[in-house]
Amino acid sequence: MPAVQETVERVKRIDVDQYRYGFETLIDSEKAPKGLSEEIVKFISQKKNEPAWMLQWRLEAYRRWLTMTEPTWARVNYPKIDFQDIHYYAAPKPKKTVTSLDEIDPEILKTYEKLGIPLREVAMLEGIEPKVGEDDPARRKIAVDAVFDSVSVATTFKAELKKAGVIFMPISEAIREHPELVQKYLGSVVPTSDNFYATLNSAVFSDGSFVYVPPGVRCPMELSTYFRINERNTGQFERTLIIADKGSYVSYLEGCTAPQRDENQLHAAVVELVALDDAEIKYSTVQNWYPGNSEGKGGIYNFVTKRGDCRGANSKISWTQVETGSAITWKYPSCILRGDNSRGEFYSIAISNGFQQVDSGTKMIHLGKNTSSRIISKGIAAGKSQNTYRGLVTAHRKATGARNFTACDSLLIGDKCGAHTVPYIEAKNSSATFEHEATTSKISEDVLFYCIQRGLSQEEAVGLVVNGFVKDVLQQLPMEFAVEAQKLISISLEGSVG
Amino acid sequence: MNVAVAKTGKGRAVSDLFASAEGRLPGSPDVIAVRREAFESYERLGLPHRRIEEWKYTDLRALVGEVLPLAATPDAAALKRAADAVKAHAVDGASKLVLVDGVFAAELSDVKALAAEAGFKTLPEVLDKDAGLLKTTSTDAVIALNAALATDGVVLSIADGAQLSAPIQIIHIATAASASAFTRSQVAVGKGARVTIVETFVAAEAGAYQVNDAVIVSVGDNADVAHIRLMDDAPDAVNVTSQFVTIGANVKFNFFNMTTGAAVSRLQGFIMLAGEGSELSVNGVNLLKKTEHGDTTLVVDHAVPNCVSRETFRAVIDDRAHSVFQGRIIVRPDAQKTDGKMMTRALLLSDEAEADNKPELEIFADDVSCGHGATAGALDDSLLFYLKARGLPEKQAQALLIQAFVGEAIEQIADDTLREHVIGIAERWLERRS
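Here, residues in each chain are numbered from 1, in the same order as that chain's written sequence. Naming scheme: in the order in which they are written, chains are lettered from A and ligands are numbered from 1. Under the rules for a predicted model, residues below a pLDDT of 70 receive no local features and side-chain atom pairs below 80 are neither given nor counted, while totals for whole chains, interfaces and linings still include all residues.

## What to know about the overall build of chain B
Phase 1: A run of H or I in DSSP becomes a helix once it reaches four residues, and a run of E becomes a strand once it reaches two; helices and strands are each numbered from the N terminus. Helix and strand counts for chain B come out as ten helices and 19 strands.
Phase 2: Radius of gyration: over C-alpha atoms. The globule rule applied is 2.2 Å multiplied by the number of residues raised to the 0.38 power. Computed over the C-alpha atoms, the radius of gyration of chain B is 21 Å, within 12% of the 22 Å expected from 2.2 N^0.38 for a compact globule of 434 residues.
Phase 3: Looking at chain B as a whole, 56% of its 434 residues are labelled buried.
Phase 4: Of the contacts made within chain B by residues no fewer than 6 positions apart, 83% connect residues no fewer than 24 positions apart. Exposure is read from a count of other C-beta atoms within 10 Å of each residue's own; the residue is exposed at 12 or fewer, buried at 20 or more and partly exposed in between. C-beta atoms are placed from the backbone. A pair of residues counts as a contact when their C-beta atoms, built from backbone coordinates, are within 7 Å of each other.

What follows is the structure, encoded as structure tokens:
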């Protein structure tokens with residue numbers, strides 16, 4: 001069945017030439033010279049005022065990177081990247097040491113305003129509580145860490161978070177202020193030798209967010225990082241590390257945009273999540289990097305390694321992603337289910353238009369007993385794009401009672417694009433129960449039957465089940481991101497293929 | 001993936017093997033040139049290993065390690081043993097073509113009848129005129145090795161409109177130990193023809209042998225073909241078979257494979273729907289125990305619009321066995337109105353058993369309906385309990401449930417006699433288990 005007209009129009013509205021965040025901020029910046037060498041690694045480390053152990057860590061990664069080759073297994077095509085033709089560090093030139101919001105370059109503030117990022121709330125950073133009646137109940141508080149090219153320019157609500165014991169700061173600061181935590185956890189989920197891009201990131205990462213939630217604390221507000229690439233010829237290599245200590249909870253979200261440029265820019269981030277006993281981390285992404293123009297020129301190469309480690313018993317990590325941007329996406333947010341009874345979730349909507357190439361999915365690695373995971377993926381390909389779901393579900397020999405449910409649907413709009421599904425399902429013990437579905441009609445016959453019995457058509461029932469499910473998760477996103485996401489999920493499932 | 005192939009001592013042994021086998025290989029100097037080219041491409045690639053995506057789960061370097069020397073031409077004693085095996089494994093009423101250790105055995109085959117009915121010739125007879133049969137576009141190393149070393153095989157050309165009521169059974173029998181057999185066969189089915197082909201792989205008191213078989217099938221418009229493959233090799237054998245099928249318009253093609261033996265086996269099928277309005281049904285069962293490794297890899301390529309494909313695959317895995325299913329459905333940009341479904345299920349009977357499933361979809365057309373499903377799990381405890389509560393012993397209750405489980409794939413075989421024959425093999429496997 002072909003896609004219905006309504007769906008076609010909705011996808012067209014977010015086509016590549018409709019990109020709304022393509023403006024550029026003119027601002028003085030300080031850049032490292034092009035190219036990559038030990039000197040550059042040292043330069044970045046020095047800029048960040050890092051202790052010696054951190055520099056050593058970076059150099060080891062750099063030396064390792066020199067011996068590695070780029071992965072070629074993903075279903076993406078692009079000209080070879082010249083890693084010596086990139087600035088590995090770019091930062092807005094600071095006027096002076098920034099201590100409050102007013103001292104941040106107004107151009108940067110304006111940029112975030114234009115992007116709709118709630119930096120106005122930064123006022124509250126200074127402890128000025130909103131007057132009674134001024135507080136909009138629909139608008140929840142969100143602490144934002146704004147990363148502009150290679151540096152974090154502002155982090156809001158620090159004081160209030162501190163009161164709760166939550167540490168939320170740029171990772172460059174955390175390396176200086178909480179070296180014991182960083183040393184203990186950095187690279188423990190994604191080791192420096194993990195893969196080509198993760199190793200590169202380990203050598204040259206400049207900033208990113210660091211979160212530590214102490215035992216038993218429920219983080220009082222959403223934490224968020226907004227990534228913006230502004231400078232030309234630069235790569236952004238951010239590193240995020242989130243640790244949820246025993247019995248804690250945190251919800252974190254990230255957004256990303258970049259100006260419209262003819263060249264391709266590299267974004268190679270690493271995100272590490274650690275959940276200890278009974279902890280829960282919810283990580284949401286709205287990825288909207290510049291996807292290139294309608295001829296396929298320009299756009300961001302988004303080569304990202306994201307992995308969560310359910311290290312403790314009864315822990316839970318949930319990934320939610322809405323992917324609409326980037327010329328090329330190469331991204332597999334994964335969960336290592338190490339603790340007994342731990343749970344991993346992955347919800348994804350990936351929409352590709354123009355000449356975009358998406359190769360994304362997840363890995364659920366069941367190691368502990370009675371671990372469970374759920375994967376819901378929706379891929380929509382339009383224009384001349386290629387959209388691939390690639391996922392791995394594996395149960396180790398000792399992971400007795402492991403359970404997985406996977407449903408991945410894809411939808412094609414037009415005959416110039418492609419949608420692909422590449423799941424790997426590995427069961428290594430008999431008590432593992434895996435279910436993988438890629439047809440909409442097969443999503444829980446019981447539930448469908450229930451709906452149909454109450455007068456819904458098959459199509460409505462399927463829409464209700466899947467949309468309702470995904471919506472449930474997306475509604476947890478803060479308003480700023482939810483608008484975009486809601487628009488995307490309202491896309492009809494009609495005519496979808498496996 | 002660019003992985004440098006390290007030349008091991010074993011690799012060199014294969015080079016010697018080709019040099020020593022060259023004199024025995026049928027074909028004109030032109031054919032030998034094609035073979036040498038194929039062998040050179042094998043030498044560049046070496047045995048497939050896990051870094052090659054298509055062989056991710058079946059690492060022949062680790063599982064097999066080396067290619068054994070070609071088996072000698074069977075002597076009278078071997079043929080005698082083979083004759084007994086033919087009797088034991090023949091399908092009732094079928095016309096037989098027998099290959100013993102990779103050499104066609106005319107005295108065990110129904111040559112006259114099949115020459116008249118199905119245009120039967122042996123591979124050497126065909127190669128004398130044409131090297132085309134050895135050429136493929138594949139870049140797979142085991143297929144290249146097959147082209148280089150194929151000693152014999154059967155070639156069938158079934159005339160347009162021919163209606164063959166009796167199945168044609170091709171029986172591969174191994175009688176030698178520590179030797180390999182390379183065979184390549186072709187089946188060309190004419191327009192509107194109807195035929196059933198059964199391939200059986202068995203051993204006659206042989207151990208640790210290797211089979212590398214290739215079958216090239218082409219099906220003319222409006223034909224109706226059933227193709228059944230029964231792989232029941234000796235417990236320490238290796239069997240790697242590659243099948244290429246090209247299907248014309250309005251064809252009914254029903255393929256079934258069952259693996260019940262061999263230490264390491266792989267069936268790789270490449271099926272292309274090249275004519276509109278055809279219906280393809282591909283089904284398979286893996287029954288594995290001990291440390292057996294069974295791999296079924298199927299690529300169904302919808303190159304034209306309006307075709308239907310159905311794949312049903314079941315694996316039952318006991319002890320420390322390892323079952324692999326890799327299925328890929330490709331829908332080309334023009335192949336609108338394609339209806340493709342694939343369902344694979346694995347039943348793990350032991351905590352050390354392993355099932356790897358990789359059901360892929362590669363879709364380039366927007367008006368299609370494609371889907372796949374995959375499950376893995378143990379026998380349902382409540383069903384087992386139900387049967388045991390009614391007095392069945394554990395093993396028998398399990399056997400009943402396993403039979404029902406694989407039955408979903410076996411019942412796709414339309415012919416009653418053949419279906420019973422296949423059920424018989426499955427039952428014997430279950431008996432051996434208990």
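Structure shown, so let's carry the discussion forward.
## A word on the overall build of chain A
Phase 1: Secondary structure summary: chain A contains eleven helices and 24 strands in total.
Phase 2: The burial tally for chain A puts 55% of its 498 residues in the buried class.
Phase 3: Counting contacts in chain A only where the partners sit at least 6 residues apart, residues at least 24 apart contribute 84% of the total.

## A word on unusual backbone geometry
All names here are of chain A.
Phase 1: For N49, which is not glycine, the phi torsion reads 60° and is therefore positive.
Phase 2: Residue position: N49 is located in the loop between α2 (38-47) and α3 (52-66).
Phase 3: Unusually for a residue other than glycine, N314 sits at a positive phi of about 60°.

## Quick word on the interface of chain B and chain A
Phase 1: Every contact between the two is made by 35 residues of chain B and, on the other side, 35 residues of chain A.
Phase 2: Broken down by secondary-structure element, the contributors of at least two residues to the side of chain B that touches chain A are β17 (339-348), β18 (354-363) and β19 (369-377) of chain B.
Phase 3: Of the residues forming the side of chain B that touches chain A, the biggest block, ten residues, is contributed by β18(B).
Phase 4: Residue polarity follows a fixed list, in which Ala, Val, Leu, Ile, Met, Phe, Trp, Tyr, Cys and Pro are nonpolar, Asp, Glu, Lys and Arg are charged, and the others, Gly among them, are polar. The residue makeup of the side of chain B that touches chain A, split by class, is 17 nonpolar, eight polar and ten charged.
Phase 5: Pairing geometry for strand β23 (residues 418-427) of chain A and β18(B), over six bridges, is antiparallel. The residue of β18(B) that forms the bridge with A:A419 is B:I363. Two strands make a pair as long as DSSP finds a minimum of two bridges between them.

## Side note on the packing of α2(A) against α3(A)
Residues and elements named next belong to chain A.
Phase 1: Note on definitions: angles span 0 to 180 degrees between N-to-C directions of axes, and those axes are lines fitted to C-alpha atoms, for helices only across the stretch in contact. At a minimum axis separation of 10 Å, α2 and α3 run at an interaxial angle of 150°. Considering the angle they form, α2 stands roughly antiparallel to α3. Taken as a pair, α2 and α3 cross one another with a handedness that is right-handed. Of α3, the residues touching α2 (which contributes E38, V41, K42 and S45) are M54, L55, R58, L59 and Y62. If an angle is under 35 degrees, it is roughly parallel; if it is over 145, roughly antiparallel; if it lies from 65 to 115, roughly perpendicular; otherwise it is oblique. Helix crossings are classified by the rotation of the near helix relative to the far one: an anticlockwise turn of less than a right angle makes the crossing left-handed, while a clockwise turn makes it right-handed.

## Focus on the confidence of the model for chain A
All names here are of chain A.
Phase 1: pLDDT expresses, on a scale from 0 to 100, how confident the predictor is about each individual residue. Per-residue confidence for chain A gives a mean pLDDT of 79, with 77% of residues at or over 70.
Phase 2: For residues 121-140, every residue scores under 50 in pLDDT, and the model assigns this stretch 21 contacts once sequence neighbours within four places are set aside.
Phase 3: Note that pLDDT drops below 50 for residues 491-498; the model gives that stretch 42 contacts with residues more than four away or on any other chain.

## Looking at the packing of α3(A) against helix α8 (residues 196-204) of chain A
If you want to describe how two helices pack, look at the angle between their axes and the distance between the axes.
Residue and element names in this part refer to chain A.
Phase 1: Their axes nearest at 7 Å, the elements α3 and α8 cross at an angle of 145°. Considering the relative orientation of α3 and α8, their crossing is left-handed. Between α3 and α8, the contacting residues are R58, A61, Y62, R64 and W65 on the first element and T199, L200, S202 and A203 on the second.
Phase 2: In the contact of α3 with α8, the residues fall into five nonpolar, two polar and two charged.

## So, the environment of B:P29
Residues and elements named next belong to chain B.
Phase 1: As for its position among the elements, P29 is in helix α2 (residues 29-45).
Phase 2: Using a count of 7 C-beta atoms within 10 Å as the deciding quantity, one classes P29 as exposed.
Phase 3: Here the alpha-carbon distance between P29 and D128, two residues 99 residues apart in the chain, equals 9.5 Å.

## Remarks on α2(B)
Residue and element names in this part refer to chain B.
Phase 1: Across its 17 residues, α2 extends 24 Å between first and last C-alpha, which sits within 8% of the 24 Å expected from 1.5 Å per residue.
Phase 2: Taken together, the buried positions of α2 are V31, R35, A38, F39 and Y42. Down the axis of α2, the buried side of the element spans an arc of 100°, and every buried residue falls inside it. Within α2, the exposed residues directed more than 90 degrees away from the buried face are P29, D30, A33 and R44. Expected span of a helix, by definition, is 1.5 Å for each gap between consecutive residues, and there is one gap fewer than residues. The arc in question is formed by the directions pointing from the helix axis toward the C-beta atoms.

## Examining the nonpolar core
Phase 1: Formed by 257 residues in total, the largest nonpolar core has its most connected members in A:V211, A:I281, B:A82, B:V98, B:A174 and B:I317.
Phase 2: Residues in contact with B:A174, not counting those within four places in the same chain, are B:D101, B:A181, B:A203, B:A206, B:Y209, B:V211, B:A234 and B:A237. The nonpolar core criterion groups buried Ala, Val, Leu, Ile, Met, Phe, Trp, Tyr and Cys residues into a set whenever they are joined through C-beta atoms within 7 Å.

## Some thoughts on the confidence of the model for chain B
Parts of the prediction with low pLDDT should not have their coordinates interpreted in detail.
All names here are of chain B.
Phase 1: For chain B, mean pLDDT is 91; residues scoring 70 or higher make up 96% of the total.
Phase 2: Of all secondary-structure elements in chain B, the lowest mean pLDDT belongs to helix α1 (residues 9-21), at 65, while strand β5 (residues 168-174) reaches the highest, 97.
Phase 3: This model gives residues 1-12 a pLDDT under 50, and the stretch forms 13 contacts once residues within four places in sequence are excluded.
Phase 4: Taken over the whole predicted complex, pTM reads 0.85, whereas the ipTM for its chain interfaces reads 0.85.

## Digging into the pairing of strand β8 (residues 210-219) of chain B
Residue and element names in this part refer to chain B.
Phase 1: The buried count for β8 comes to nine of ten residues, which makes it a mostly enclosed element.
Phase 2: Sheet topology note: the strand β6 (residues 180-189)/β8 ladder contains ten bridges and is parallel. Paired with R184 across the two strands is A214, which belongs to β8.

## Regarding the environment of B:R184
Residue and element names in this part refer to chain B.
Phase 1: By secondary structure assignment, the location of R184 is in strand β6.
Phase 2: According to the C-beta neighbour criterion, R184 is buried, with 27 such atoms within 10 Å.
Phase 3: Each C-alpha atom, one on R184 and one on L134, is 8.1 Å from the other, the two residues being 50 residues apart in sequence.
Phase 4: When sequence neighbours within four positions are dropped, the list of residues in contact with R184 reads L123, L133, N146, A150, G153 and A214.

## Side note on helix α9 (residues 394-410) of chain B
Phase 1: In this model, α9(B) (17 residues) spans 24 Å end to end at C-alpha, consistent with the 24 Å of a helix rising 1.5 Å per residue.
Phase 2: In this fold, the buried residues of α9(B) make contact with β13 (279-288), β15 (308-317), β17, α8 (381-389) and α10 (416-433) of chain B.

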